[in-house]
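Descriptive structure summary
Given next are the chains, with one letter for each unit.
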Amino acid sequence: MSNDIFGDVDRFINQRFVKEDNALLQTKQTIIAGNLPPISISENQGKFLYMLARLNKPQKILEIGTLGGYSTIWLARALQPGGKLITLELDQHHADIATSNLQVAGLGDCATIRVGNAIEELPKLKAKGGSPFDVIFIDADKEPYAEYFQWALQLSHPGTLIITDNVVREARILDENTTDPEVKGVQRFIELLSNSKEVTATIIQTVGSKYHDGIALAIVN
Ligand code: SAH
Ligand code: DHB
Ligand code: MG
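Here goes a summary of the coordinates provided. These figures come from a predicted structure and were not determined experimentally. (Residues numbered from 1 in each chain as written. Chains lettered and ligands numbered in written order. Predicted model: local features only at pLDDT ≥ 70, side-chain atom pairs only at ≥ 80, totals over all residues. Heavy atoms only, no water.)

**Points about the overall build of the chain**
Secondary structure assignment for the chain yields 8 helices and 7 strands. For a compact globule of 221 residues, the expected C-alpha radius of gyration is about 17 Å, and the chain comes in at 17 Å, within 12% of that figure. Based on the C-alpha atoms only, the size of the chain along its principal axes is roughly 45 × 45 × 30 Å. Residues counted as buried form 50% of the 221 residues belonging to the chain. Sequence separation of 24 or more characterises 69% of the internal contacts of the chain that already satisfy a separation of 6 or more. As presented, the chain carries roughly 11100 Å² of accessible surface, and 56% of it is formed by carbon and sulfur atoms. Across the chain, the centroid of the 21 positively charged side chains sits 7 Å from that of the 27 negatively charged ones. (Helix = DSSP H or I, 4+ residues; strand = E, 2+ residues; numbered from the N terminus. Rg over C-alpha atoms; globule rule 2.2 N^0.38 Å. Buried < 20%, exposed > 50% of the residue type's maximum accessible area, 1.4 Å probe, protein only. Contact = heavy atoms within 4.5 Å. Areas by Shrake-Rupley, 256 points an atom, 1.4 Å probe, with all protein chains shown as cover. Lys, Arg positive; Asp, Glu negative; His and termini not counted. Charge placed at Lys NZ, Arg CZ, Asp CG, Glu CD.)

**Looking at unusual backbone geometry**
With phi around 65°, Asn166 is a residue other than glycine that occupies positive phi space. Tracing the backbone shows Asn166 in the loop between strand 5 (161-165) and helix 8 (181-195). According to the relative accessible area criterion, Asn166 is buried, its value standing at 14%. Non-glycine residue Ala171 carries a positive phi angle of around 70°. On the secondary structure map, Ala171 appears in the loop between strand 5 and helix 8.

**What about the environment of His157?**
The residue His157 is located in the loop between helix 7 (145-154) and strand 5 in this model. Relative accessible area serves as the criterion here: at 24%, His157 is assigned to the partly exposed category. His157 sits 22 residues away from Val135 along the chain, and the two C-alpha atoms are 9.8 Å apart. Among the polar contacts listed, one links the side chain of His157 to the side chain of Asp134, at a separation of 2.7 Å. (Polar contact = N/O pair within 3.5 Å; in protein donor to acceptor, adjacent residues only side chain to side chain.)

**A closer look at the nonpolar core**
Counting 31 residues, the largest nonpolar core has Leu75, Leu85, Leu107 and Ile163 as the members making the most contacts within it. Here this core gets 5 residues from one element, more than from any other, and that element is helix 4 (residues 70-76). Once residues lying within four places of it in the same chain are set aside, the contact partners of Leu85 are Ile61, Thr72, Leu75, Ala76, Leu79, Cys110, Ala111 and Thr112. In terms of nonpolar packing, the next biggest core, distinct from the first, is built from 30 residues, Ala140, Val167, Ile173 and Ala218 among them. (Core = buried A, V, L, I, M, F, W, Y, C linked by side-chain atoms within 4.5 Å.)

**Some words on the site of ligand 2**
Around ligand 2, the neighbouring residues are Ile39, Asp139, Lys142, Asp165, Asn166, Arg169 and Tyr211. Contact between ligand 2 and Ile39: an oxygen atom at 3.2 Å from a main-chain N or O atom of the residue. Asn166 places a polar side-chain atom, nitrogen or oxygen, 2.8 Å from an oxygen atom of ligand 2. Burial of ligand 2 by the protein chains amounts to 75% of its free accessible area of 290 Å². (Near = heavy atom within 4 Å.)

**Examining the environment of Val18**
Mapped onto the elements, Val18 comes out in the loop between helix 1 (5-17) and helix 2 (22-33). Given a relative accessible area of 9%, Val18 falls into the buried group. Considering only alpha carbons, one finds Val18 and Ile215, 197 residues apart in sequence, at a separation of 19 Å. Those residues within four positions of Val18 in sequence are excluded, and the remaining contacts are Ile13, Glu43, Asn44, Lys47 and Trp74.

**A word on the packing of helix 6 (residues 118-128) against helix 7**
Packed helices, taken two at a time, are described by the angle their axes make and the gap between the axes. Interaxial distance between helix 6 and helix 7 falls to 10 Å at its minimum, and their mutual angle equals 15°. The angle between the axes of helix 6 and helix 7 places the two elements in the roughly parallel class. Of the two elements, helix 6 crosses helix 7, and the hand of that crossing is left-handed. For the pair formed by helix 6 and helix 7, the contact residues are Ala118, Ile119, Leu122, Pro123 and Lys126 on the first element and Glu147, Tyr148, Trp151 and Gln154 on the second. Considering only residue class, the contact of helix 6 with helix 7 consists of 6 nonpolar, 1 polar and 2 charged. (Axes fitted to C-alpha atoms, helices over the stretch in contact; angles between N-to-C directions. Parallel < 35°, antiparallel > 145°, perpendicular 65-115°, else oblique. Left-handed = near helix turned anticlockwise from the far one by under 90°. Nonpolar A, V, L, I, M, F, W, Y, C, P; charged D, E, K, R; others polar.)

By themselves these figures say nothing about function.
As structure tokens, this is what we get:
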């Protein structure tokens with residue numbers, strides 16, 4: 001065994017449980033080729049996200065933070081027939097790559113990328129007054145995580161599942177004296193989540209091919 005024991009176990013799991021098709025494989029390649037940061041969710045986390053989302057039989061999914069569309073593809077595949085996904089992305093280059101990956105996956109019609117700052121796009125979505133989302137995945141910049149969560153609540157109904165990525169950050173969230181604005185953003189989010197009467201929530205730590213991190217799960221009451 002190598003020293004990368006968590007990565008080795010992830011590969012063991014992926015070989016058995018995560019059969020990636022051409023669209024998912026190609027998405028990972030375009031992220032490398034396009035010089036996007038290597039921060040997509042991992043393969044088995046993608047399948048986990050897909051399975052969690054599927055439990056809610058979603059007609060509408062919202063994602064905040066698209067990157068190359070890797071998590072987007074997993075989530076969109078959990079949609080009910082005729083269902084729709086909206087994903088928010090600040091960076092036009094990321095959005096262009098994700099658009100092409102969603103086309104390859106055959107999801108061009110059900111998944112829409114809105115390019116812009118999520119903190120401006122979320123109120124616009126609310127103002128449009130459409131039906132609420134059944135599943136929401138928060139995975140963009142970390143400083144405004146608390147605000148993203150509050151907008152997610154605004155766009156939810158009882159039973160909506162709100163999943164938030166990267167909430168442990170190699171245990172840096174334990175450092176009460178941190179000056180890292182991303183860690184502070186996650187700490188502020190956790191404080192809000194843990195005191196919220198509107199959701200039933202917990203956090204699961206994750207290890208694997210990515211560094212030690214965690215995912216928050218919240219069901220709207
Ligand atoms: N969900 C993706 C990874 C997202 S990485 C996956 O797992 O496959 C985070 C993404 O959020 C990056 O593409 C980044 O450009 C985007 N982002 C950063 N700040 C943002 C903002 N204010 N609004 C919308 N997107 C933002
Ligand atoms: C970072 C962002 C992510 O969404 C992620 O999954 C991992 C790392 C980052 O900004 O460092
Ligand atoms: Mg993430």
